[in-house]
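The chain contents come next:
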Amino acid sequence: MDLVLPIEIRFGRVLNNWYVMGELMYGCSLAHETVGFEPCIRVGYNFGKKK
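So, a few notes on the structure that sits alongside this text. (Residues numbered from 1 in each chain as written. Predicted model: local features only at pLDDT ≥ 70, side-chain atom pairs only at ≥ 80, totals over all residues. Heavy atoms only, no water.)

**Digging into the overall build of the protein chain**
Put simply, the rule is: Working definition: helices are DSSP H or I runs of at least four residues, strands are E runs of at least two. Numbering for both runs from the N terminus. A simple rule labels every residue: compare its accessible area, found with a 1.4 Å probe on the protein chains alone, to the largest value its type can have, and call it buried under 20%, exposed over 50%, or partly exposed in between. Should any heavy atoms of two residues lie within 4.5 Å, those residues are considered in contact.
Each helix and strand counted, the protein chain has zero helices and three strands in total. Along the first, second and third principal axes, the C-alpha set of the protein chain runs to 50 × 20 × 10 Å. Taken across its 51 residues, the protein chain has 12% of its residues classed as buried. Counting contacts in the protein chain only where the partners sit at least 6 residues apart, residues at least 24 apart contribute 28% of the total.

This is the structure:
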């Protein structure tokens, strides 16, 4: 068994009701067997507050 410790950086921007987020994740296992790098882009829409 191994434990992977991730490090994440997130950034984003809101444009009207749309938002765009980017994320970079780097993970390295404690046994130095696994290394991973994951870039991600997310796009979403804000429908407003719930009534």
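After presenting the structure, the write-up continues.
**What to know about the environment of Ile9**
Following the sequence through the fold, Ile9 ends up in strand β1 (residues 4-15). Along the backbone, Ile9 and Pro39 are 30 residues apart, and their C-alpha atoms lie at a distance of 9.8 Å. Among all residues touching Ile9, those that are not within four sequence positions of it are Gly22, Glu23 and Leu24.

**Observations regarding the side chain of Glu23**
Filter applied, for reference: Throughout this description, a polar contact denotes any pair of N or O atoms lying within 3.5 Å of each other; where both atoms belong to protein, one of them has to be capable of donating a hydrogen while the other can accept it, and for residues adjacent in sequence the pair is counted only when both atoms sit in side chains.
Here Glu23 shows up in strand β2 (residues 18-29). Taking relative accessible area as the criterion, Glu23 reaches 10% and is therefore assigned buried. At 3.5 Å, the side chain of Glu23 forms a polar contact with the side chain of Arg42. Sequence-distant contacts of Glu23, that is, excluding residues within four places in its chain, are made with Glu8, Ile9, Arg10, Phe11, Glu38, Pro39, Cys40 and Arg42.

**Some remarks on unusual backbone geometry**
Excluding glycine, residues mostly have negative phi values, and the peptide bonds linking residues are mostly trans. A positive phi angle is found at Asn16, which is not glycine, with a value near 55°. Mapped onto the elements, Asn16 comes out in the loop between β1 and β2.

**Concerning the pairing of β2**
Where we set the bar: Two strands are counted as paired when DSSP detects at least two bridges linking them.
Bridging between β1 and β2 involves twelve bridges; their strand directions are antiparallel. For Leu15, the partnering residue across the bridge sits in β2 and is Trp18. Two successive antiparallel strands, β1 and β2, enclose a turn made up of two residues, where Asn16 displays a positive phi of approximately 55°. Relative to strand β3 (residues 35-45), β2 runs antiparallel, the two sharing eleven bridges. Paired with Gly27 across the two strands is Gly36, which belongs to β3. Hairpin connection, β2 to β3: the antiparallel pair is bridged by five residues, and His32 has positive phi, about 60°.

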